[in-house]
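Structure at a glance
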Amino acid sequence: MEQMNDLRTLLKHDVMMLQSAEEQIIEALPAMMERASNPDLKEALREHLRITQQQRQRLNQVQGLLGADEDDVMRHSGLLANLMGGMKCKGMAGIISEGEKMMAEDMSDEVMDAAIIGGSQKIEHFEIACYGTAKTYARQLGLEEVERLLAQTLQEEKEADERLTMLAESGVNQQAEAGALASASSNRY
Ligand SMILES: [Fe+2]
């Protein structure tokens, strides 16, 4: 079995997986926006959809720079071919599917908002890990423009994560807690 011993090939693979991840996020975000109640959260998700569409474009640029559209990646067999199977990022698919299960649950608006923030942060953290790794490979390979583009998206993902943390801390989670207390006391009387 051929070994994946070429860092550039590994980077191309990771960029393709990121492309798949961003596409899945673009598909998932409208339902999350729909299910959210807090206007600030809805707005943050809407803004992140716009940014994610730009990130997908940026990955096209990266792929162009890497020559990922050439069929050289596909010529590899063995381990790489297995990893490329379906070209779908299953890590992101798992996170999104967990989120969808959560959104199908019956819960108060406030608790649902807290769950949506939690799910969104899992998405962001996964992306931060993947972009951070890809950026490091690009630096090791001396691919300055690729590194710059990946660093730009990495920064945006970190900012999105911080915005979600601020939303959670600035009230959404407290509202969820207050809602729970209110319904507990109304049950008591
Ligand atoms: Fe993203």
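Preceding this paragraph is the structure being described.
All of the points below concern the structure found in this document.

What counts, and at which threshold
Residues numbered from 1 in each chain as written. Predicted model: local features only at pLDDT ≥ 70, side-chain atom pairs only at ≥ 80, totals over all residues. Heavy atoms only, no water. Helix = DSSP H or I, 4+ residues; strand = E, 2+ residues; numbered from the N terminus. Buried < 20%, exposed > 50% of the residue type's maximum accessible area, 1.4 Å probe, protein only. Lys, Arg positive; Asp, Glu negative; His and termini not counted. Salt bridge = Lys/Arg side-chain N within 4 Å of Asp/Glu carboxyl O. 1 Å grid on protein atoms, 1.4 Å probe; cavity = no way out; pocket = protein on both sides within 12 Å on 5 of 7 lines; lining within 4 Å. Points joined across faces, edges and corners; volume = space filled by probe spheres on them. Nonpolar A, V, L, I, M, F, W, Y, C, P; charged D, E, K, R; others polar. Donors = N, O, S within 2.8 Å, 3.2 Å for Na, K, Ca; no water. Axes fitted to C-alpha atoms, helices over the stretch in contact; angles between N-to-C directions. Parallel < 35°, antiparallel > 145°, perpendicular 65-115°, else oblique. Contact = heavy atoms within 4.5 Å. Left-handed = near helix turned anticlockwise from the far one by under 90°. Expected span 1.5 Å × (residues − 1). Polar contact = N/O pair within 3.5 Å; in protein donor to acceptor, adjacent residues only side chain to side chain. Core = buried A, V, L, I, M, F, W, Y, C linked by side-chain atoms within 4.5 Å.

A few points about the side chain of Lys135
Locating Lys135 in the fold gives a position in helix H6 (residues 109-140). Buried within the structure, Lys135 lacks any salt-bridge partner; its nearest side chain of opposite charge belongs to Glu147, at an N-O separation of 4.5 Å.

Description of the layout of surface pockets
The space that makes up the largest pocket amounts to roughly 260 Å³. Lining of the largest pocket is provided by 16 residues; of these, Ile95, Glu98, Gly99, Glu100 and Gly119 occupy positions nearest its centre. Among the secondary structure elements, those contributing two or more residues to the lining of the largest pocket are helix H1 (7-35), helix H5 (90-103) and H6. Per-element accounting of the lining of the largest pocket gives the leading share, 7 residues, to H5. For the lining of the largest pocket, the residue count by class is 10 nonpolar, 3 polar and 3 charged. Around the second largest pocket, the lining is made up of 16 residues, and of these Ala44, His48, Glu124, Ala160 and Leu164 lie nearest the centre. The residue inventory of the lining of the second largest pocket, partitioned by class, reads 9 nonpolar, 2 polar and 5 charged.

Some words on the coordination of the iron ion
Within the protein, the atoms that donate to the iron ion are Glu22 (OE), Glu22 (OE), Gln55 (OE1), Glu127 (OE) and Glu157 (OE), at distances of 2.0 to 2.6 Å. For the iron ion, the donor residues sit on a single chain with the sequence spacing E-x32-Q-x71-E-x29-E. Taken together, the residues Glu127 in helix H6 and Glu157 in helix H7 (residues 144-188) connect sequence positions 30 residues apart. Using a relative accessible area of 0% as the deciding quantity, one classes Glu127 as buried.

Considerations on the packing of H5 against H6
Contact pair H5 / H6: the axes reach a minimum separation of 10 Å and the direction vectors enclose 180 degrees. Taken together, the axes of H5 and H6 lie roughly antiparallel to each other. Mapping the contact onto sequence places Gly91, Met92, Ile95, Ile96, Met102 and Met103 in H5 and Met112, Ala115, Ile116, Gly119, Lys122, Ile123, Phe126 and Glu127 in H6.

Side note on the packing of H1 against helix H2 (residues 39-66)
Contact geometry for H1 and H2: axes closest at 9 Å, N-to-C directions at 155 degrees. Here H1 lies roughly antiparallel to H2, going by the angle between them. Two packed elements cross with a definite hand, and for H1 against H2 that hand is left-handed.

Quick word on H2
With 28 residues, H2 ought to run about 40 Å at 1.5 Å a step, and its terminal C-alpha atoms sit 40 Å apart, in line with that. Taking the backbone nitrogen of Asp40 as reference, a side-chain oxygen 2.8 Å away marks Asn38 as the first, capping residue of H2. Just downstream of H2, Gly67 is the residue with a positive phi angle, here 70 degrees.

Brief notes about the nonpolar core
Grouped together as the largest cluster of nonpolar side chains are 25 residues, with contacts concentrated most on Met32, Leu41, Leu45, Met92, Ile116 and Ile123. Listed by contribution, the elements that provide at least two residues to this core are H1, H2, H5, H6 and H7. In terms of residue count, the dominant contributor to this core is H1 (8 residues). Among residues more than four places away in sequence, those in contact with Met92 are Ala21, Gln24, Ile25, Ile123, Phe126 and Glu127. By size, the runner-up hydrophobic cluster in this structure holds 16 residues, among which are Leu59, Leu66, Ile128 and Leu150.

Points about the pattern of salt bridges
A full pass over the atoms with the stated rule returns 5 salt bridges. Residue Arg50 is joined to Glu47 by a salt bridge in which the shortest nitrogen-to-oxygen separation is 2.8 Å. Taken together, the residues span about one helical turn, with Arg50 and Glu47 both in helix H2 at a distance of 3 residues. For Arg50, a relative accessible area of 41% gives the class partly exposed. Taking the shortest distance from any N to any O, the salt bridge between Glu156 and Arg58 comes out at 3.1 Å. One end of the pair, Glu156, is in helix H7; the other, Arg58, is in helix H2, and 98 residues separate them in sequence.

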